[in-house]
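# Structural characterization, general
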Amino acid sequence: KTDFFTVEIRDWALVAAFTPEKKMVLVKQYRHSTGQELIELPAGVMKKGESPEAAVKREFLEETGFELKKIEKIGSWFTMSGKSNCQVTVFFGKTGQKKAQELDKEERIQLLFKTPKEVLKMIQTGKIKTAPYIAGILAVKEKYPKYFE
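Residues numbered from 1 in each chain as written. Predicted model: local features only at pLDDT ≥ 70, side-chain atom pairs only at ≥ 80, totals over all residues. Heavy atoms only, no water.

### Structural notes on the packing of helix α2 (residues 116–124) against helix α3 (residues 131–143)
Selection rule: Only the stretch in contact is used when a helix axis is fitted, and all axes are lines through C-alpha atoms; the angle between N-to-C directions ranges over 0 to 180 degrees. Secondary structure elements follow DSSP: runs of H or I of four or more residues count as helices, runs of E of two or more count as strands, with numbering from the N terminus. By the definition adopted for this analysis, an angle is roughly parallel if under 35 degrees, roughly antiparallel if over 145, roughly perpendicular if from 65 to 115, and oblique otherwise. Whether a crossing is left-handed or right-handed is set by the direction in which the near helix is turned from the far one by less than a right angle, anticlockwise for left-handed and clockwise for right-handed. The contact definition used throughout considers only heavy atoms, calling two residues in contact when any of these lie within 4.5 Å. Ten residue types, Ala, Val, Leu, Ile, Met, Phe, Trp, Tyr, Cys and Pro, are classed as nonpolar, four, Asp, Glu, Lys and Arg, as charged, and the remainder, Gly among them, as polar.
It is the contact of α2 with α3, at a shortest axis distance of 11 Å, that shows an interaxial angle of 140°. In this view, α2 runs oblique relative to α3, as classed from their interaxial angle. In the crossing of α2 with α3, the sense of the turn from one axis to the other is left-handed. Residues Val119, Leu120 and Ile123 of α2 form the contact with α3, whose participating residues are Ile134, Ile137, Leu138 and Lys141. Here the residues of the contact of α2 with α3 sort into six nonpolar, no polar and one charged.

Okay, here's the thing in structure tokens:
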């Protein structure tokens, strides 16, 4: 008999959001599990009973200080199917009105605004190195190639 173990992690959502100038909004923050500052898309876990859409709107406002005026679900995938049942839902978005960041007390987030071509180069050169974010960016590129020309 073989024992199987599952790591229970709450589902989460991320958004590849674009400014009116067609720049992508990225966040740079320290991740204790890796001991590194990582460049990622704005994202966060869903609270109990919260929809992926509500979670991504809330987290985007908290992390960036921007509202999302448009979001569209691109897909939902398991993040580590061999170990966990956790899923990430990926959204395409457009930024709305600028407000103020509402960071959690342990969050130290630097905002980056990059062209889609710069973001693709960051993936190629290893500056963006977290698989769900890379998958999200590439899925948005597949759905909206005009943003990456």
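Still to come is the rest of the account.
### Concerning the nonpolar core
To be explicit about the condition: Buried Ala, Val, Leu, Ile, Met, Phe, Trp, Tyr and Cys residues that are joined via side-chain atoms within 4.5 Å together make up what is termed a nonpolar core. Only protein chains enter the accessibility calculation, which uses a 1.4 Å probe; a residue is then buried when its area is under 20% of its type maximum, exposed when over 50%, and partly exposed in between.
Formed by 26 residues in total, the largest nonpolar core has its most connected members in Leu14, Met24, Leu41, Ile128, Ile137 and Phe148. With sequence-adjacent residues up to four places away left out, Met24 is seen in contact with Ala16, Ala17, Phe18, Leu41, Leu112, Phe113, Lys114, Pro116, Val119, Ile137 and Phe148. Counting residues in hydrophobic clusters, the runner-up holds nine residues, among them Val15, Ala17, Phe60 and Phe91.

### Thoughts on the pattern of salt bridges
Here is the rule we go by: The working definition used for a salt bridge is a side-chain nitrogen of Lys or Arg within 4 Å of a carboxyl oxygen of Asp or Glu.
For the structure shown, the criterion picks out seven salt bridges. The salt bridge partner of Glu50 is Arg58, with a shortest N-O separation of 2.8 Å. There is no split in this pair, since Glu50 and Arg58 are both buried. A salt bridge links Glu62 to Arg58, with the nearest nitrogen and oxygen atoms 3.5 Å apart. Highlighted residues: Glu62 and Arg58, both in helix α1 (residues 52–64), separated by four residues, approximately one helical turn. Of the residues examined, Glu62 reaches a relative accessible area of 13% and is grouped as buried. On the basis of relative accessibility, which here comes to 17%, the residue Arg58 falls in the buried class. Beyond isolated ion pairs, a larger network of salt bridges with shared partners links Glu50, Arg58, Glu59 and Glu62.

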